[in-house]
Each structure stands twice: as C-alpha cells, then as structure tokens.
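Breakdown of the fold
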Amino acid sequence: MTVADAFDAVAGSYDEARRRLVPCFDAFYGTAVQVATPPLRDALAAGRTPEVLDLGAGTGLLSLLLAAAVPGVCLTLVDAAPAMLARAADELHARSVPHRMVRADLADPLPAGRYDAVVSALAIHHLDDAGKQDLYRRAADALVPGGVFVNAEQVAGPTPALDRRYDEVWTARIAELGSPTEEIAAARERMRHDRPATVADQCRWLTEAGLVDVDCYFKEWRFAVFGGRATGAAR
Ligand SMILES: C[S@@+](CC[C@H](N)C(=O)[O-])C[C@H]1O[C@@H](n2cnc3c(N)ncnc32)[C@H](O)[C@@H]1O
C-alpha cells in the first residue's frame, strides 16, 4: 500500500481523528498560520491576490485555517491522495475559497507559479532525506521575494533515546485524549511510511536552500513548526 492509499483509506474519518492524534493541535496549526500570514497580508495591502501552495494538503486542514485567517487568498493544494483532496475540495467550495487541486507526488515539479507562502503540515516526513532537501530547494525557489515557507511537521528526536521518549509521550497523550485502540493501530500502520528528520537537520537544509530567518517557531515533543523567508522585501 502506498502512502496515498493509506490516507485515502481513512479520508472519511481523517479530520475527526486529528485532535486526538495531534495533541497540541491548536498551537501546532495556529503557529503555522501565524508564520504564513504576514506576507499574505502584505500582498493584499499591495492590491494583489495572495497565493498559497500547500504541499501534502490532504483534506485541506491547514489551507482552510489560512483561508479563514486571511480572507481573499488563492490556494493551490498538492497531494497524491485523490480521496483526501476531494474532501478538501468540498470544504473549499462550501466556503467559496478560490483554489486549484493538483494530484501529484511531492517529488514531481511543483505547480507553476510564484507563491507568497508555501506551507505544509505532516506530509514532508514521508519523503526520504534527499527528497526533503530537494523539495525544500524547489519550495524556496517558488517563493516571491519576502515570501515564507513553513512546515508544521512530525520530527525525529535528536538522539535515539529522545526519539523513544517522543513516542512514549505521544502514546500516553493520545490514550488520554481517548483515541480508540483501532485508531491508534491504524495510525501506527500509517507511520510505517514515516521518515522523520530532526529539526536541526531540516533548519540547516532550509538555510542551504537559500532561505533566511530560519527558525523553529514551536515544538512540543515530536510536533514542530519551522521555516524561513525568501530574501527580498524585508519586514
Ligand atoms: C498526515 S496527512 C497531512 C494532511 C494535511 N496536510 C494535514 O495537516 O492534515 C499526509 C498527507 O501527505 C500526503 N503525501 C504523503 N506523501 C506524499 C507524496 N510523496 N506526494 C504527495 N502527497 C503525499 C498524503 O497523501 C496525505 O494526504
């Protein structure tokens, strides 16, 4: 089963399970929105439609939060899982948010365009490290001057002992939040596709991709939000 098949199989119940499986849901997605919004507001102030590219958008959770935070954005959602994208399309249509859906692998060329923000949540850790670095370079190249890249991501611990601790803490928290045994088993099955990297490695790769002001803005055990800015218009 491919990663896309694994997510398509749970597309109907995906959103409902998120708050149990991502214990820091509000701070995690909220930080990504905070990081991405300034260049979007700048574009609106300059009389332009802000363009957002969401990599591994799934059912559109992060895209929808951005559209709510900055009305007037145009979203491009990329994902390899058609059933996940179909859920996102329904929600975006219901809210009359301008968007385009691109069914593609993250290793494929990015949809043509220049973006004020390239965002991603819980998707890039499915690529191997060479794939992550290549995608970070292409994402940085797709930004307008001053545009922002932000990745809300599941990360590896910096040592094997810390990585084991991340997993222990997550396992305890999702049980506390009432995640049923079958949901945990299904999540663990999907996690067989995971190839997380550390925050330190990924921030270095973003700097090597040419981004500036690279930082980790939020971290709670295995959940981290990091990114950077394309050079050009300074804030
Ligand atoms: C955990 S979901 C995250 C979805 C959404 N970003 C969110 O925050 O809820 C991971 C998504 O990444 C997509 N994905 C994983 N690897 C991919 C790849 N190589 N190419 C395209 N999509 C991929 C999956 O299909 C899935 O929809």
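Residues numbered from 1 in each chain as written. Predicted model: local features only at pLDDT ≥ 70, side-chain atom pairs only at ≥ 80, totals over all residues.

Bringing the site of the ligand into the picture now. By nearness alone, 19 residues border the ligand, and G56, G58, A81, A121 and A123 come closest of all. For the shell around the ligand, the secondary structure elements donating two or more residues are α1 (3-8) and α4 (61-69). Sorting elements by how many residues they give to the shell around the ligand places α1 first, with 3 residues. Grouping the constituent residues of the shell around the ligand by class yields 14 nonpolar, 3 polar and 2 charged. (Near = placed C-beta within 6 Å. Helix = DSSP H or I, 4+ residues; strand = E, 2+ residues; numbered from the N terminus. Nonpolar A, V, L, I, M, F, W, Y, C, P; charged D, E, K, R; others polar.)

On to helix α3 (residues 25-45). The first and last C-alpha atoms of α3 sit 30 Å apart over 21 residues, in line with the 30 Å expected at 1.5 Å per residue. Remark: the principal bend of α3, roughly 40°, maps to T37, with a proline, P38, within the next four residues. Residues of α3 that are buried in the fold lie against β1 (51-55), α4, β4 (115-121), β5 (143-154), β6 (212-220) and β7 (223-229). Looking one or two residues past α3, G47 carries a phi angle of roughly 85°, positive in sign. (Expected span 1.5 Å × (residues − 1). Bend = angle between axes of the 7 residues up to and from the residue. Contact = placed C-beta atoms within 7 Å.)

As a further point, take the pairing of β7. Of all 7 residues making up β7, 7 are buried, and the element is well covered by its neighbours. By the alternation rule, side chains of β7 split into F223, V225, G227 and R229 and A224, F226 and G228, which are all buried. Where β5 and β7 come together, 7 bridges link them in antiparallel fashion. In the strand pairing of β7, A152 is matched with V225. Pairing analysis gives 6 bridges linking β6 to β7, with the strands arranged antiparallel. Across the sheet, residue E220 finds its bridge partner in β7, namely F223. Taken together, β6 and the strand that follows it, β7, pair antiparallel across an intervening segment of 2 residues, in which W221 is found at a positive phi of about 50°. (Buried ≥ 20, exposed ≤ 12 C-beta atoms within 10 Å, placed from the backbone. Pairing = 2+ DSSP bridges.)

Taking 1.5 Å of rise per residue, the 13 residues of helix α5 (residues 82-94) would be expected to cover 18 Å, and the 18 Å separating its terminal C-alpha atoms lies within 8% of that figure. Taken together, the buried positions of α5 are occupied by M84, L85, A88 and L92. Projected down its long axis, α5 carries its buried residues within an arc of 90°, all on one side. Looking at α5, the residues exposed on the side facing more than 90 degrees away from the buried face are D90, H93 and A94. Close packing links the buried residues of α5 with α1, α2 (14-21), α4, β2 (74-79) and β3 (99-103). (Arc of directions from axis to C-beta.)

Within the largest apolar cluster, 63 residues are counted, with the highest numbers of intra-cluster contacts made by A32, A36 and V118. The dominant element in this core, judged by the number of residues it contributes, is α3, at 8 residues. Setting aside its immediate chain neighbours within four residues, A36 contacts L66, A117, V119, V148 and V150. (Core = buried A, V, L, I, M, F, W, Y, C linked by C-beta atoms within 7 Å.)

By themselves, these figures tell us nothing about what the structure is for.
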